[in-house]
Amino acid sequence: MPDHQSDYVFALCNPGSEKALKLEAEMMALGWRSGYQRRGFVTFKADAVFSLHSLDVKIACARRLCLSLGKTSTREEAERLVAEHKIHHARYFERKMQGVAGDGQPEVGEIIGTVVELGPTEFWAGLHRHAPFLSPHPAGDSGIVMAADSPSRAWLKLEEAVRFFDLEFTEKDIVVELGCAPGGVVLALLQRGISVIGVDPAKMAEVVLTSTIQNRQEAPSNRPWFYHCRKPAALASKRDLGQGVTWFMSDMNQSPEVVLKECARFKAMAPSIRGVLITLKLTEIEQVADKQTWFTALRGMGFKTIRLQQLSVHHKEFALLAMK
Ligand SMILES: C[S@@+](CC[C@H](N)C(=O)[O-])C[C@H]1O[C@@H](n2cnc3c(N)ncnc32)[C@H](O)[C@@H]1O
């Protein structure tokens, strides 16, 4: 077999998402047929041989897609198969598909070897090429742990999404977040120096109150600040947003249809919005097969780069990213 070709690819995913991953690949009509599978690990075969380009497909349930170089019974043998590349390590451990910290971060275009440990005598070796919006971390898992002072797990979801997609913010950014209470995302953004308009009828946690301003129209020049628009999203107006909003975020526990409808309304009220980051909460993870409907809605709002991704910290949730 010539270099960087294989009869198989393998995907690393959240344990429990294997079925959704296979359904998603089937709905995408890739011609991929699933084969050998373990928790957090699914192999695929197709009629034609796979190359690194075959991995350009965007499968939301796959945190990492690799050209498979095969299975070995020791780590050393697997490492030998990818020895000429930077090597990432992954393992199924404590019921999670984990990245092993300490492996180097890749450059865009660099080919990375991944060695996956599925059991004491089961290792797999694979290759992928690093690209924008692909996690630079082994197994698409940054290993970040929750901040002790965060009032919710949403802090972790925001921080993992920022790391996975390698998002950049500046202190000039203003984020509007729908469903902001009790304030994990707001805390993470404030810690990054980013001002936030939070929309939610529910109460915020004490930890974000020190940065709170009472009047959006009189936002101070010293940033970051937090303005709580204490209403349901549907009642928020252009006046609540003011000028200069650059990001739309949502963590509302509402259906994708409701969230995307609000996203379109907010984008129309604040055309300066350049990025969207939504935590989509699905009742059934298999609903991921509806993703084209969500992409069409975002394209209709003028967004060009769109990614849907299940993150290591998610359960029945996905991060939906859209950028101009
Ligand atoms: C998972 S919690 C959000 C966690 C929050 N992002 C954080 O960082 O801590 C979901 C929130 O969505 C809010 N929510 C649900 N429907 C909403 C709506 N129509 N408008 C605004 N907020 C809504 C709820 O009040 C709840 O606080």
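Residues numbered from 1 in each chain as written. Predicted model: local features only at pLDDT ≥ 70, side-chain atom pairs only at ≥ 80, totals over all residues.

Q: Please provide a residue-by-residue account of the packing of helix α3 (residues 154-165) against helix α4 (residues 184-191), values included.
A: Where α3 contacts α4, the axes come no closer than 6 Å and their chain directions differ by 50°. Taken together, the axis directions place α3 and α4 in an arrangement best described as oblique. Taken as a pair, α3 and α4 cross one another with a handedness that is right-handed. Seen from α3, the contacting residues are Ala 154, Trp 155, Leu 158 and Glu 159; seen from α4, they are Gly 184, Val 185, Leu 187 and Ala 188. Along the lines of polarity and charge, the residues of the contact of α3 with α4 split into 6 nonpolar, 1 polar and 1 charged. (Axes fitted to C-alpha atoms, helices over the stretch in contact; angles between N-to-C directions. Helix = DSSP H or I, 4+ residues; strand = E, 2+ residues; numbered from the N terminus. Parallel < 35°, antiparallel > 145°, perpendicular 65-115°, else oblique. Left-handed = near helix turned anticlockwise from the far one by under 90°. Contact = placed C-beta atoms within 7 Å. Nonpolar A, V, L, I, M, F, W, Y, C, P; charged D, E, K, R; others polar.)

Q: Report on α3, specifying residues and quantitative values.
A: Between its first and last C-alpha, α3 extends 17 Å over 12 residues, near the 16 Å set by a 1.5 Å rise per residue. The buried count for α3 comes to 10 of 12 residues, which makes it a mostly enclosed element. Buried within α3 are the following residues: Ala 154, Trp 155, Leu 156, Lys 157, Leu 158, Glu 159, Glu 160, Ala 161, Phe 164 and Phe 165. Taken from the residues just after α3, Asp 166 is the one with a positive phi, measuring 55°. (Expected span 1.5 Å × (residues − 1). Buried ≥ 20, exposed ≤ 12 C-beta atoms within 10 Å, placed from the backbone.)

Q: So, the nonpolar core: which residues are in play, and what are the values?
A: Among the nonpolar cores identified, the biggest contains 94 residues, and Val 9 and Ala 11 are the most heavily contacted of them. Ranked by the residues each element gives to this core, the list is headed by α3, at 7 residues. Residues from two domains meet in this core; each of domain 1 (5-140) and domain 2 (154-323) gives at least three. Val 9 has contacts with Phe 44, Phe 50, Ser 54, Leu 55, Leu 65, Cys 66, Leu 67 and Ser 68, leaving out every residue within four places of it along the chain. (Core = buried A, V, L, I, M, F, W, Y, C linked by C-beta atoms within 7 Å. Domains from an automatic or database assignment.)

Q: Describe the sheet that holds strand β15 (residues 305-309), with residues and values.
A: The mixed open sheet is built from 8 strands, whose spatial order is β11-β12-β10-β9-β13-β14-β16-β15. Every other strand in the sheet has two partners, leaving β11 (212-213) and β15 as the edge strands with one partner each. As paired strands, β15 and strand β16 (residues 317-323) are joined by 5 bridges and run antiparallel to one another. By the bridge assignment for β16, Gln 309 is matched with Ala 319. Its contacts with the sheet place α4 against β9 (174-178), β10 (195-199), β12 (226-229) and β13 (247-250), and it is angled at close to 170° to β10. (Pairing = 2+ DSSP bridges.)

Q: How would you sum up the domain arrangement of the protein? Please name residues and give values.
A: For the protein, the assigned domains are domain 1 (5-140) and domain 2 (154-323). The C-alpha-based centres of domain 1 and domain 2 are spaced at 30 Å. Across the contact, 15 residues belong to domain 1 and 16 residues belong to domain 2. Looking at the side of domain 1 that touches domain 2 residue by residue, the classes come out as 7 nonpolar, 5 polar and 3 charged.

Q: Which residues make up the pairing of strand β8 (residues 122-129), and what values do they have?
A: For β8, the buried fraction is high: 6 of the 8 residues fall into the buried class. Sheet analysis places strand β4 (residues 64-72) next to β8, joined by 5 bridges and oriented antiparallel. The residue bridging Gly 70 from the neighbouring strand is Ala 125, located in β8. Where strand β7 (residues 111-119) lies against β8, 8 bridges are found, and the strand directions are antiparallel. By the bridge assignment for β8, Ile 111 is matched with Arg 129. Where β7 folds back on β8, the antiparallel hairpin that results is connected by 2 residues.

Q: So, unusual backbone geometry: which residues are in play, and what are the values?
A: In this structure, the amide linkage connecting Ala 181 to the following residue, Pro 182, adopts the cis form with an omega of 5°. For the bond from Arg 223 to Pro 224, the omega torsion is 0°, close enough to zero to count as cis. Note that Pro 224 resides in the loop between β11 and β12. For Ala 29, which is not glycine, the phi torsion reads 50° and is therefore positive. Mapped onto the elements, Ala 29 comes out in the loop between α1 (18-27) and β2 (33-38). A positive phi angle is found at Arg 95, which is not glycine, with a value near 60°. Relative to the helices and strands, Arg 95 resides in the loop between β5 (86-93) and β6 (96-99). By the C-beta count within 10 Å, which is 10 here, Arg 95 ends up exposed.

Q: Report on the sheet that holds β8, specifying residues and quantitative values.
A: The mixed open sheet is built from 8 strands, whose spatial order is β2-β3-β1-β4-β8-β7-β5-β6. The open sheet terminates on both sides in strands that have one partner only, identified here as β2 and β6. For this sheet, the mean angle separating the axes of adjacent strands, direction not counted, is 35°. This element, α1, spans β1 (5-12), β2 and β3 (41-51) of the sheet and lies at about 20° to β3.

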